[in-house]
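The lines below spell out each chain.
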Amino acid sequence: MRLVYTENMHALSLPPGHKFPLGKYDRIHAELAADHEELLTLGAPATVEDVKLVHDAGYVEDVRQGTLSAVAVRRLGFPWSPSLVTRAMRSVGGTLAALEWAMQFGAAGHIAGGTHHAFRDRGEGFCVFNDLAVAAAVAMRDHGARRIGIVDLDVHQGNGTAAIFADDPRVFCLSIHGSKNYPFDKERSTLDVALPDDVTDDTYLAALDSALERVRAHQPDIVFYQSGVDCLSGDRLGRMRLSHQALRTRNARVYALARSLHVPLVVTLGGGYGRDIERTVRAHVDVYRGLVSAFS
Ligand SMILES: [Zn+2]
């Protein structure tokens, strides 16, 4: 088991008042370093070749060279800067490192990534490149994976991942998300579970259980988990009100699925935008603490 971190995820120049919580990465890392220092390992940037396994070459070059259109930059939600490129390549690289550790040890987490709104030819919603999709493609290319399960429990639909693998039956994309939440024009995942605002813990967990059984039936060789915690109560963007306990149970059920299938598990970060950022950090930290206790 290893927990991969990515250097300088907070280092991004954003205009004053920007709603993206850059500070949370260092906070999560610090909390995990306090009790799991020996498990932490630094990731490396992805190669352009790996990113282009999924993303169109023209889009990748526009990102790298800063030649995205004004419309593309607005859709992304981050202004372009050299630090944006560095950060995006590191973010994908960290998930690829977690994939390699998971192949070796059975499970690994990346304390960044989960950028599921990135499409082959464009980014949106703070997501430049789709680390989950690149890592799934690398698992098939390098590790002989024939069937992939992507469990995306961020409160927002994993629209980029769904679109990227829409015509690839090897990849089962599950997205459990808020029906009234962004993205408003949803893509079609292999299985979409759209839940109403203010769904209760019990309803959420019941929906999760039946959805995970569908993932199990796909018989994946590897499972990726996008562990966004923006369905926590008090999230500014979430519209759900799940408790910390429900999220811990949610995480544990995903871990139990991977364990019972005897397949590697790769966990990434995801959204989390609490009015009180401490609550968000606690929920993110719970994801990785739960992973460590499930696999050690
Ligand atoms: Zn989200």
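See the structure above.
A brief structural summary. (Residues numbered from 1 in each chain as written. Predicted model: local features only at pLDDT ≥ 70, side-chain atom pairs only at ≥ 80, totals over all residues. Heavy atoms only, no water.)

Running from N to C, helix 9 (residues 244-261) and helix 10 (residues 277-295) cross one another at 30 degrees; their axes reach a closest spacing of 9 Å. With respect to helix 10, the element helix 9 is oriented roughly parallel. The element helix 9 and its partner helix 10 pack so that their crossing is right-handed. Along the contact surface, helix 9 presents His-244, Leu-247, Arg-248, Asn-251, Tyr-255, Ala-258 and Arg-259, while helix 10 presents Arg-279, Arg-282, Ala-283, Asp-286, Val-287, Gly-290, Leu-291, Ala-294 and Phe-295. Class assignment for the residues of the contact of helix 9 with helix 10 results in 8 nonpolar, 3 polar and 5 charged. (Axes fitted to C-alpha atoms, helices over the stretch in contact; angles between N-to-C directions. Helix = DSSP H or I, 4+ residues; strand = E, 2+ residues; numbered from the N terminus. Parallel < 35°, antiparallel > 145°, perpendicular 65-115°, else oblique. Left-handed = near helix turned anticlockwise from the far one by under 90°. Contact = heavy atoms within 4.5 Å. Nonpolar A, V, L, I, M, F, W, Y, C, P; charged D, E, K, R; others polar.)

What follows is about the coordination of the zinc ion. Those donors, Asp-154 (OD), His-156 (ND1) and Asp-230 (OD), are the protein atoms that reach the zinc ion, and they lie 1.9 to 2.1 Å from it. The sequence motif formed by the donor residues of the zinc ion is D-x1-H-x73-D. In this pair, His-156 sits in the loop between strand 4 (148-152) and helix 7 (159-164) while Asp-230 sits in the loop between strand 7 (222-226) and helix 9, placing the two residues 74 residues apart along the sequence. Pair check on accessibility: His-156 and Asp-230 agree, each one buried. (Donors = N, O, S within 2.8 Å, 3.2 Å for Na, K, Ca; no water. Buried < 20%, exposed > 50% of the residue type's maximum accessible area, 1.4 Å probe, protein only.)

On to the nonpolar core. Ranked by internal contacts, the top residues of the largest apolar core, which has 102 residues, are Leu-3, Phe-129, Ile-148, Leu-174, Tyr-204, Phe-224 and Leu-265. Residue contributions to this core peak at 10 residues, all from helix 5 (residues 82-105). Beyond its immediate chain neighbours, meaning those up to four positions away, Leu-174 contacts Ile-150, Val-151, Asp-152, Leu-191, Val-193, Ala-211, Leu-212 and Val-215. (Core = buried A, V, L, I, M, F, W, Y, C linked by side-chain atoms within 4.5 Å.)

What follows deals with the sheet that holds strand 8 (residues 265-268). Judged by pairing direction, the sheet is parallel, and its 8 strands sit side by side in the order 2-1-3-8-7-4-5-6 without closing on themselves. Each end of this open sheet is capped by a strand with a single partner; those strands are strand 2 (40-42) and strand 6 (191-195). Sheet twist, expressed as the average angle between the axes of neighbouring strands with direction ignored, equals 15 degrees. For strand 4 and strand 5 (residues 171-178), the ladder comprises 5 bridges, and the chain directions are parallel. Its bridge partner being in strand 5, Asp-152 is matched across the sheet by Ser-175. Where helix 6 (residues 131-142) meets the sheet, its contacts fall on strand 4, strand 5, strand 7 and strand 8, and the angle it forms with strand 7 comes to roughly 170 degrees. Helix-sheet contacts for helix 8 (residues 201-217) involve strand 4, strand 5 and strand 6, and the interaxial angle to strand 5 is about 170 degrees. (Pairing = 2+ DSSP bridges.)

In terms of residue burial, strand 4 counts as a mostly covered element, since 5 of its 5 residues are buried. In this region the chain leaves strand 4, passes through helix 7 and returns to the parallel neighbour strand 5; the handedness of that crossover is right-handed. Two elements, strand 4 and strand 7, share 5 bridges in a ladder whose sense is parallel. Its bridge partner being in strand 7, Asp-152 is matched across the sheet by Gln-226. (Right-handed = clockwise from strand over helix to strand, strands pointing away.)

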